[in-house]
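A structural walkthrough
Here is what each chain is made of, one letter per residue.
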Amino acid sequence: MTKIIALTNQKGGVGKTTTAVNLAACLAALDKRVLLVDLDPQGHATMGSGIDKHELDGSVLEVLLEGRRASEVILDCPDAGYALLPGNGDLTAAEVDLLDRDGRERCLGEALGSVAASYDVVIIDCPPSLNMLTVNALTAADGVLIPLQCEFYALEGLSALLDTVEQIQASVNPSLEVFGIVRTMYDARNSLTRDVSKQLSQYFGDTLLKATIPRNVRVAEAPSHGLPVTKYARLSRGSQAHRVLAKELIRRLSL
Ligand code: ADP
Ligand code: MG
């Protein structure tokens, strides 16, 4: 069965896109058939997959709003090892246009319906807000994976996100799960990181994933080469950490 995972956190800069791209690459390297969906108008997951967001023949926007088939727009990213449903700035219009639609929360789920079965995992990279695009991702998903930086304000944002997850469960997607919280840009030498980490562990128990992603310069450099870090710097700490994360998710979600 295909698992659809939404990478969500309404805070920007917490590592959603980085986790989405590198997790997609690691799962693909472990022989999973992976589709990455770029649902952020910034198009960073598209660029990070080696695809020029300004030169797209079609994007997730047309699939969402214009009834174009996802299969016509999906691109192969041979270097990264997965398939990509690309996105770019055109998606900004979708945030507004979706509001006028009947069944506006379900547009993405319906669009993915025809292609999802061809993949073991679909990973959706969400925009940094709880807007209608994110609601579409949460409605289409089986579960959310929440990247989080262990800093003081992180916990505050987390409760708003979990409230949204509950609202979606109560309305359009009762089976939506929280698959896990992943600590990103993790620095165990920093005492605030350790304190926040401890609180997360006490409060969330097993929902807090064991794998942590360290702050690593190779991870930050990889997107400028249009590659996941596992291809750009295979032996780096960042690369190894994403592989550990992928294996933990394979076990946890029976992928
Ligand atoms: P989001 O998608 O949540 O906005 P990004 O994945 O784009 O966050 O990450 C924000 C910035 O932090 C980017 O410049 C990215 O390269 C950098 N970054 C993310 N994860 C790491 C990491 N583990 N080590 C170093 N830099 C990172
Ligand atoms: Mg992003």
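Residues numbered from 1 in each chain as written. Chains lettered and ligands numbered in written order. Predicted model: local features only at pLDDT ≥ 70, side-chain atom pairs only at ≥ 80, totals over all residues.

1. Some details on helix H1 (residues 16-29)
Three- or four-residue spacings in an α-helix give side chains the same orientation, since the helix completes a turn every 3.6 residues. The test is simple: Secondary structure elements follow DSSP: runs of H or I no shorter than four residues count as helices, runs of E no shorter than two count as strands, and numbering proceeds from the N terminus. Every helix has an expected span of 1.5 Å times one less than the residues it contains. The burial label depends on the number of other C-beta atoms within 10 Å of a residue's C-beta. Counts of 20 or more mean buried, 12 or fewer mean exposed, and intermediate counts mean partly exposed, with C-beta atoms placed from the backbone.
For H1, spanning 14 residues, the distance from its first C-alpha to its last is 20 Å, which sits close to the expected 20 Å at 1.5 Å a residue. Counting buried positions along H1 yields 13 of 14 residues, so the element is predominantly enclosed. At the C-terminal side of H1, Asp-31 shows a positive phi close to 70 degrees.

2. Remarks on the site of ligand 1
Our working rule: Nearness here has a simple definition: the residue's C-beta atom, placed using the backbone, must lie within 6 Å of the molecule or strand. Three classes are used, and their members are as follows: Ala, Val, Leu, Ile, Met, Phe, Trp, Tyr, Cys and Pro are nonpolar, Asp, Glu, Lys and Arg are charged, and the others, Gly among them, are polar.
Around ligand 1, the structure places 17 residues, and the nearest of them are Lys-16, Thr-17, Thr-18, Val-219 and Ala-220. Contributions of two or more residues to the shell around ligand 1 are made by H1, strand E7 (177-186) and helix H10 (217-221). Ranked by the residues each element gives to the shell around ligand 1, the list is headed by H1, at 3 residues. Here the shell around ligand 1 is composed, by residue class, of 6 nonpolar, 9 polar and 2 charged.

3. What about unusual backbone geometry?
A positive phi angle, near 45 degrees, is found at Met-185, a position not held by glycine. With respect to the helices and strands, Met-185 occurs in strand E7. Of the residues examined, Met-185 has 22 C-beta atoms within 10 Å and is grouped as buried. Of note, Ser-254 is a non-glycine position whose phi angle comes to about 50 degrees, a positive value. Relative to the elements of secondary structure, Ser-254 occurs in the segment after helix H12 (237-253).

4. Comments concerning the pairing of E7
Keep this limit in mind: In short, DSSP must find at least two bridges between two strands for them to pair. Throughout, right-handed denotes a crossover for which the path from the first strand over the helix to the second runs clockwise when the strands point away from the viewer.
Within E7, 8 of the 10 residues are buried, leaving the element largely enclosed by the surrounding structure. Two elements, strand E6 (residues 143-149) and E7, share 7 bridges in a ladder whose sense is parallel. Within the sheet, the bridge partner assigned to Pro-147 lies in E7 and is Val-182. As a crossover connection, the stretch from E6 through helix H8 (residues 154-170) into E7 is right-handed. Across 3 bridges, the pairing between E7 and strand E8 (residues 208-214) is parallel. Pairing of Ile-181 across the sheet is with Leu-208, part of E8.

5. What to know about the nonpolar core
Cut-off, in case you're wondering: The nonpolar core is taken to be a set of buried Ala, Val, Leu, Ile, Met, Phe, Trp, Tyr and Cys residues joined by way of C-beta atoms within 7 Å. In this description, any two residues whose backbone-derived C-beta atoms lie within 7 Å of each other are considered to be in contact.
In terms of nonpolar packing, the biggest core is built from 80 residues, with Ala-24, Val-34, Leu-36, Tyr-82, Ile-123 and Ile-124 touching the most fellow members. With 8 residues, H1 is the largest single contributor of residues to this core. Contact partners of Leu-36, with chain neighbours within four places excluded, come to Ala-20, Val-21, Ala-24, Ala-45, Ser-49, Tyr-82, Leu-84, Ile-123 and Asp-125.

6. What to know about the UniProt feature "domain: AAA" (unreviewed entry) in the protein
Formally: UniProt positions are given in the numbering used here, feature names are shortened, and annotations may be inferred rather than shown by experiment.
Mapped onto this numbering, the UniProt entry annotates "domain: AAA" (unreviewed entry) at residues 2-178. Split by type, residues 2-178 is 39% helix and 18% strand. Its first and last C-alpha atoms lie 16 Å apart.

7. Re the pairing of strand E2 (residues 34-38)
Across the 5 residues that make up E2, a large majority, 5, are buried. Side chains of E2 alternate between two faces, with Val-34, Leu-36 and Asp-38 and Leu-35 and Val-37 buried alike. Looking at chain direction, E2 and strand E5 (residues 121-125) are connected through 5 bridges and run parallel. In the strand pairing of E5, Val-34 is matched with Val-121. Summarising the sheet, E2 and strand E4 (residues 82-85) pair through 3 bridges and their orientation is parallel. Across the sheet, Val-37 pairs through a bridge with Leu-85, a residue of E4.

8. Some remarks on H12
Here H12 contains 17 residues, and its C-alpha end-to-end distance of 24 Å stays within 8% of the 24 Å for a straight helix at 1.5 Å per residue. What H12 keeps buried is the set Gly-238, Ser-239, Ala-241, His-242, Arg-243, Leu-245, Ala-246 and Leu-249. Residues of H12 that are buried sit in contact with H1, E7, E8, H10 and helix H11 (229-232). Just downstream of H12 lies Ser-254, where phi reads positive at about 50 degrees.

9. Re the packing of H1 against H12
Keep this limit in mind: Angles shown run from 0 to 180 degrees and are taken between the N-to-C directions of axes, each axis being a line fitted to C-alpha atoms and, for helices, limited to the stretch in contact. In this scheme, roughly parallel covers angles under 35 degrees and roughly antiparallel covers those over 145, while 65 to 115 is roughly perpendicular and the rest are oblique. Take the far helix as your reference; a near helix turned counterclockwise from it by less than a right angle gives a left-handed crossing, and one turned clockwise gives a right-handed crossing.
The contact between H1 and H12 brings their axes to 9 Å, and the two run at 70 degrees. Overall, the two elements H1 and H12 adopt an arrangement that is roughly perpendicular. In this structure, H1 crosses over H12, and the sense of that crossing is right-handed. Residue-level contacts link Asn-22, Leu-23, Cys-26 and Leu-27 of H1 to His-242, Arg-243, Leu-245 and Ala-246 of H12.

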